Amino acid sequence: MKIRPLHDRILVQRIEEEQRTESGIIIPDTAKEKPIMGKVIAVGDGRVLENGQKQPLTVKEGDKILFSKYAGTEIKIKGEEYLIMREDDVLAIIED
């Protein structure tokens, strides 16, 4: 199955964070929060402006991003969890 988000939406796969603290303590699954970092899998074709023109998105496929904690809608595709969110929910692009 292939999904293509519409307009200014993006499809994101969460990136799991380190499961240990800096001092070496392992964090149990029940105490973990959902990651706020992810990889952009697919992007829509752009935001429709009031004058009818499309503004292309800033993020692109393959970008690593930080997003707000409660952003997006969770979906499952073939057992994998993804988020569909608006580009406005993206806080930053992580550059290596």
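Here is what the cut-offs are and how they apply
Per-chain numbering applies: the sequence of each chain, read as written, is numbered from 1 onward. Reporting in this predicted model follows two pLDDT cut-offs: at least 70 for local features of residues, and 80 or more for side-chain atom pairs to be given and counted; totals over whole chains, interfaces and linings ignore these cut-offs and use all residues. Only hydrogens and water are set aside when side-chain values are computed; all heavy atoms of the structure are taken into account. Secondary structure elements follow DSSP: runs of H or I no shorter than four residues count as helices, runs of E no shorter than two count as strands, and numbering proceeds from the N terminus. What makes two residues a contact is simply this: any of their non-hydrogen atoms within 4.5 Å. Residue exposure ignores everything except the shown protein chains as possible cover, and the areas themselves are Shrake-Rupley values with a 1.4 Å probe. Here a strand pair is declared whenever DSSP counts at least two bridges between the two strands. Lines fitted to C-alpha atoms define the axes here, with helix axes fitted over just the stretch in contact, and angles between the N-to-C directions of these axes take values from 0 to 180 degrees. In the sections that follow, a salt bridge refers to a side-chain nitrogen of Lys or Arg positioned within 4 Å of a carboxyl oxygen of Asp or Glu. When a residue's accessible area, from a 1.4 Å probe over protein chains only, is under 20% of the maximum for its type it is buried; when over 50% it is exposed; and in between it is partly exposed.

Chemist: Honestly, the overall build of the protein chain in this entry has me stumped. Any pointers?
Modeler: Summing up its helical and strand segments, the protein chain has zero helices and eight strands in all. For the protein chain, the N- to C-terminal ordering of α and β elements is β-β-β-β-β-β-β-β. Contacts spanning at least 24 positions in sequence make up 63% of the contacts within the protein chain whose residues lie at least 6 apart. Accessible surface computed for the protein chain: about 7200 Å², of which carbon and sulfur atoms make up 49%.

Chemist: Looking at this structure, how should I read the sheet that holds strand S7 (residues 80-86)?
Modeler: Sheets are built from strands paired through backbone hydrogen bonds, the pairs being either parallel or antiparallel. Pairing is antiparallel across the open sheet formed by six strands, whose spatial order is S6-S7-S1-S2-S5-S8. Both edges of this open sheet fall to strand S6 (73-77) and strand S8 (90-94), since each of them pairs with a single strand only. Neighbour-to-neighbour, the strand axes of this sheet turn through a mean angle of 40°, independent of strand direction. Looking at chain direction, S6 and S7 are connected through five bridges and run antiparallel. Residue pairing in the sheet places isoleucine 77 in a bridge with glutamate 80 of S7.

Chemist: Before we go on, may I ask you to explain the pattern of salt bridges in this structure?
Modeler: Side chains that differ in sign of charge can pair as their charged atoms come close. In this structure the tally under the stated criterion is six salt bridges. In this structure, aspartate 8 and arginine 47 form a salt bridge, with 3.9 Å as the shortest nitrogen-oxygen distance. Of this pair, aspartate 8 sits in the segment before strand S1 (9-14) while arginine 47 sits in strand S3 (residues 47-48), and the two are 39 residues apart along the sequence. You can call aspartate 8 buried: its relative accessible area is 6%. Residue classification places arginine 47 among the partly exposed residues on the basis of a relative accessible area of 26%. One salt bridge connects aspartate 45 with lysine 54, and the closest N-O pair in it is separated by 2.7 Å. Through salt bridges with shared partners, a single ionic network connects Asp8, Arg47, Arg86 and Asp88.

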